[in-house]
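# Descriptive structure summary
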Amino acid sequence: MMALTANRPHLIDRLPRPRGRLVADAPLGPQTWFKAGGPAEVLFRPTDRDDLAGFLQALDADIPVTVLGVGSNLLVRDGGVKGVVIRLVREFTRIAVDGTEVVAGAGALDLNVALTARDHALAGLEFLSGIPGTIGGAVAMNAGAYDGELAPVLISAEAVDRRGFIHHPNAAALGMTYRHSSAPTDWIFTSARLGATPGDQLAIARRIAEIDTARLDSQPRSRTGGSTFVNPPGRKAWELIDQAGCRGLRMGQAKVSEKHCNFLINLGDASAADLEALGEEVRRRVLDHSGIQLEWEIRRIGVPASVSTGAQA
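As a starting point, this report considers the structure included with it. (Residues numbered from 1 in each chain as written. Predicted model: local features only at pLDDT ≥ 70, side-chain atom pairs only at ≥ 80, totals over all residues. Heavy atoms only, no water.)

## What to know about the overall build of the protein
What counts, and what does not: Each helix is a run of DSSP H or I of at least 4 residues and each strand a run of E of at least 2, with the numbering of both proceeding from the N terminus. Only C-alpha atoms enter the radius of gyration, while the globule expectation follows 2.2 Å times N to the 0.38, with N the number of residues. Between two residues, a contact is recorded if the distance between any of their heavy atoms is within 4.5 Å. Accessible surface area values rest on a Shrake-Rupley calculation with a 1.4 Å probe, where residue burial reflects the displayed protein chains alone. A residue counts as positive if it is Lys or Arg and as negative if it is Asp or Glu; His and the chain ends are not included. Here the site of a charge means NZ on Lys, CZ on Arg, CG on Asp, or CD on Glu.
Check the secondary structure of the protein and you find 6 helices and 18 strands. Relative to the 2.2 N^0.38 estimate, which gives 20 Å for 313 residues, the radius of gyration of the protein is 20 Å and therefore close to what a compact globule would have. Once local pairs closer than 6 in sequence are excluded, the contacts in the protein between residues at least 24 apart make up 65%. Element-wise, carbon and sulfur atoms account for 51% of the exposed surface of the protein, whose accessible area totals about 14200 Å². Within the protein, the 35 negative side-chain charges are centred at a point lying 3 Å from the centre of the 34 positive side-chain charges.

Right under this line is the structure:
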């Protein structure tokens, strides 16, 4: 843990004073879908883009910075996250429609962007309703689901780098490929402009309802982090996991979902160490069975977890 001690000043005392809110030793586990993990040394919620940029410009270069979205595709390790964790809320959750384009703050839920487009009879963004995250995260990793992904609909984005400079890249400049963008790792996306096309509002609503039904039928809604591993070229991660005999595999209170085995579940009080160790055990078994090395899609941050107990079939 990173609590304040009598002999050691806390990191928060070294930080610039923004207009937004700074919180020392802020619990992060409850802010993630897994409901597991340690605290942020300091949590920062900026008021707006300029507050974020000014804070980063004044922040000492040796202090690490991590961005936290809605916590859907994230595992925070049990030791917590050193440095400053930034969460984009309030001003960053706004969504506006400009003709056939939707402008969304990085903190806006993907689902809410899809619903806003529906309400304005704009088609082409329905797939976002099936992605459990925020627009900022979607841009950073070219998120996709249900036959859609961000790259074809992204017109431009706005980002702030570690020095506080603001950038406005277009989609081509971000070099998007499957579940990846070539954006510099120190960029914090603050908004995105997405292109849509005029469509039939009822048809758009039906497609969103179909996606919601498909998710309910095929994916767990308990304490999970979404898809755990990236689909290898030409293969489905869940099929490889199933064929390796990992459906229902447990490690402590962490379990591979029996409903969709590319999802890990926290059965109650699983530690982040249990969840990560279970994921690594799945990767090992898949590699032994098929020769394919699965790559993590879930983002893992913070102090590495300790080795957990053995798996149970």
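## Thoughts on the sheet that holds strand β13 (residues 188-195)
Selection rule: Paired strands, in this sense, are two strands between which DSSP finds at least two bridges. Between N-to-C directions, angles cover 0 to 180 degrees, with each direction set by a line fitted to C-alpha atoms, over the stretch in contact for helices.
Pairing is antiparallel across the open sheet formed by 5 strands, whose spatial order is β6-β7-β13-β11-β12. Only two strands of the sheet have a single neighbouring strand rather than two, namely β6 (95-98) and β12 (166-167). As defined by bridge partners, strand β11 (residues 154-160) adjoins β13 across 6 bridges and the pair is classed as antiparallel. Bridging from a neighbouring strand, A159 pairs with F189 of β13. Sitting on the sheet, helix α1 (residues 49-58) touches β11, β12 and β13, and the angle it makes with β11 is about 45°. Lying over the sheet, helix α2 (residues 110-119) contacts β6, β7 (101-105) and β13, oriented at roughly 35° with respect to β6.

## Some words on the sheet that holds strand β16 (residues 254-256)
Spatial strand order, β15-β16-β17: 3 strands in an open sheet with antiparallel pairing. Both outer strands of the open sheet, β15 (250-251) and β17 (264-266), are each paired with one neighbouring strand and no more. Sheet topology places β16 next to β17; 3 bridges connect them, and they run antiparallel. Paired with A254 across the bridge in β17 is N266. Those strands touched by helix α6 (residues 272-290) are β15, β16 and β17, and its axis lies near 30° from that of β16.

## Brief notes about helix α4 (residues 201-218)
One turn of the α-helix equals 3.6 residues, which is why residues spaced by three or four share an orientation. Put simply, the test is: What a helix should span is 1.5 Å times the count of its residues minus one. Whether a residue is buried, partly exposed or exposed follows from its accessible area with a 1.4 Å probe, protein chains only, as a fraction of its type maximum: under 20%, in between, or over 50%, in that order. This arc describes the spread of directions from the helix axis toward the C-beta atoms. Counting of polar contacts relies on pairs of N or O atoms within 3.5 Å, with two restrictions inside protein: one atom must be capable of donating a hydrogen and the other of accepting it, and residues adjacent in sequence are counted only when both atoms are side-chain atoms.
Helix length check: α4 (18 residues) gives 26 Å between terminal C-alpha atoms against 26 Å at 1.5 Å per residue, within 8%. All buried positions along α4 are accounted for by I204, I208, I211 and R215. Buried residues along α4 cover an arc of 55° about the axis, so they all sit on one side. When the buried face of α4 is taken as reference, the exposed residues oriented beyond 90 degrees from it are L202 and D217. The elements touched by buried residues of α4 are α2 and β8 (122-123). Put simply, D200 is the residue that caps the front of α4, since its side-chain oxygen is 3.2 Å from the backbone nitrogen of L202.

## Some thoughts on the packing of α2 against α4
Rules: Note on terminology: angles under 35 degrees are roughly parallel, angles over 145 are roughly antiparallel, angles of 65 to 115 are roughly perpendicular, and the others are oblique. Left-handed describes a crossing whose near helix is turned anticlockwise from the far helix through less than a right angle; right-handed describes the clockwise counterpart. Residue classes follow a fixed rule: Ala, Val, Leu, Ile, Met, Phe, Trp, Tyr, Cys and Pro count as nonpolar, while Asp, Glu, Lys and Arg count as charged, and any other residue, Gly among them, counts as polar.
Remark: α2 packs on α4, axes separated minimally by 9 Å, with the N-to-C direction vectors making an angle of 160°. Classified by the angle their axes make, α2 and α4 are roughly antiparallel. Read as a crossing pair, α2 and α4 show a hand that is left-handed. Contacts from A114, L115, R118 and D119 in α2 reach Q201, I204, A205 and I208 in α4. Of the residues contributing to the contact of α2 with α4, the split by class is 5 nonpolar, 1 polar and 2 charged.

## A look at the side chain of S181
When you line up the elements, S181 lands in the loop between β12 and β13. Separated by 3.0 Å, the side chain of S181 and the backbone oxygen of A140 make a polar contact. A polar atom in the side chain of S181 sits 3.4 Å from the backbone nitrogen of A183. For S181, the residues in contact, after removing those within four places along its chain, are V139, A140, L174, G175 and M176.

## What to know about α6
Here α6 contains 19 residues, and its C-alpha end-to-end distance of 27 Å stays within 8% of the 27 Å for a straight helix at 1.5 Å per residue. Those residues of α6 lying buried are A272, A273, D274, L275, E276, L278, G279, E281, V282, R283 and V286. Once α6 ends, the next one or two residues include G291, with phi positive near 80°.

## A look at the pattern of salt bridges
Heads up, the condition is: We count a salt bridge whenever a side-chain nitrogen from Lys or Arg sits within 4 Å of a carboxyl oxygen from Asp or Glu.
The tally for this structure, following the rule as stated, stands at 21 salt bridges. Notably, a salt bridge pairs D62 with R14, separated by 3.2 Å at the nearest N-O pair. One end of the pair, D62, is in the loop between α1 and β3 (65-68); the other, R14, is in the segment before β1 (21-27), and 48 residues separate them in sequence. Classification of R14 by relative accessible area gives partly exposed; the value is 44%. R49 is the partner of D50 in a salt bridge, and the nearest nitrogen-oxygen pair spans 3.1 Å. Because the salt bridges share partners, they merge into one network encompassing R77, E276, E280, R283 and R300.

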